[in-house]
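# An overview of the molecular structure
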Amino acid sequence: MRHLVAATVLSAALLLPTLAMAASQSYYDKKAAAAASAGQQTISIYVDVDLGARKSGSADELNQSHRAFNASGYDVVSVVGYTENGDLQGFFVTYVRR
């Protein structure tokens, strides 16, 4: 029984980051497509940094956002980090249409 619980917890710990990345990529793709179809010249979004993923996770989140908006015809204008109590919480990112 203990082995089953341990295996389940380990599987969840390994699988959840992958699902979160897939979910966030889909989110950025939808936001970029909506902005492009609405003809927005600029758009600013908040890229949230998940707890525990502040080092490599923040770069992955920004890369996913940049890829989605670049594919929809936007370039990065500004990336501003947001900290609270000295901890990185996320980024405000502004894109402009090419």
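Residues numbered from 1 in each chain as written. Predicted model: local features only at pLDDT ≥ 70, side-chain atom pairs only at ≥ 80, totals over all residues. Heavy atoms only, no water.

A few words now on unusual backbone geometry. Residue Asn85 is not a glycine yet carries a positive backbone phi of 55°. Here Asn85 shows up in the loop between strand S2 (74–84) and strand S3 (87–97). (Helix = DSSP H or I, 4+ residues; strand = E, 2+ residues; numbered from the N terminus.)

With respect to the helices and strands, Ser72 occurs in the loop between helix H2 (56–71) and S2. Setting aside residues no more than four positions away along its own chain, Ser72 makes contact with Ala32, Ala33, Ala36 and Arg97. (Contact = heavy atoms within 4.5 Å.)

Where strand S1 (residues 42–48) meets S3, 7 bridges bridge the pair, whose relative direction is antiparallel. Across the sheet, residue Ile43 finds its bridge partner in S3, namely Tyr95. Where S2 hands over to S3, the hairpin turn is made up of 2 residues, of which Asn85 adopts a positive phi near 55°. (Pairing = 2+ DSSP bridges.)

Glancing now at a nonpolar patch on the surface. Together, Tyr46, Val80, Tyr82 and Phe92 line one region of the surface with nonpolar side chains, adding up to about 340 Å² of accessible area. Owing to a relative accessible area of 30%, Tyr46 belongs among the partly exposed residues under this scheme. (Patch = residues over 30% accessible without salt bridge, like charges linked within 9 Å, V, L, I, M, F, W, Y side chains within 5 Å. Areas by Shrake-Rupley, 256 points an atom, 1.4 Å probe, with all protein chains shown as cover. Salt bridge = Lys/Arg side-chain N within 4 Å of Asp/Glu carboxyl O. Buried < 20%, exposed > 50% of the residue type's maximum accessible area, 1.4 Å probe, protein only.)

Quick look at the nonpolar core now. In terms of nonpolar packing, the biggest core is built from 14 residues, with Ile43, Ile45, Val47, Phe69, Val93 and Tyr95 touching the most fellow members. The residues touching Val47, leaving out its near neighbours within four places in the chain, are Tyr28, Glu61, Leu62, Ser65, Gly90, Phe91 and Val93. (Core = buried A, V, L, I, M, F, W, Y, C linked by side-chain atoms within 4.5 Å.)

Okay, the pairing of S2 next. Two elements, S2 and S3, share 10 bridges in a ladder whose sense is antiparallel. Bridging across to S3, Asp75 finds its partner in Val96.

Attention now goes to the packing of aromatic side chains. The final tally for this structure, using the stated rule, is 6 aromatic pairs. Between Tyr27 and Tyr28, the aromatic rings sit 5.4 Å apart at their centres with planes inclined by 65°, giving edge-to-face as the arrangement. Under the relative-accessibility criterion, Tyr27 is labelled partly exposed at 41%. Relative to Phe92, the ring of Tyr82 has its centre 6.0 Å away and its plane inclined at 70°; by these criteria the two rings are edge-to-face. Here the residue Tyr82 occupies a position in strand S2, and Phe92 occupies one in strand S3, the gap between them amounting to 10 residues. Overall, the relative accessible area of 31% leaves Tyr82 in the partly exposed class. For Phe92, a relative accessible area of 43% gives the class partly exposed. Members of the aromatic cluster, connected to one another through ring pairs, are Tyr46, Tyr82 and Phe92. The ring of Tyr74 carries Arg97 above its face, with NZ or CZ at 5.2 Å from the centroid. (Phe/Tyr/Trp six-rings, centres within 6.5 Å; stacked < 30°, edge-to-face > 60°. Lys NZ or Arg CZ within 6 Å of the ring centre and 35° of its normal.)

Remember that the coordinates give geometry; whether it matters functionally is a separate question.
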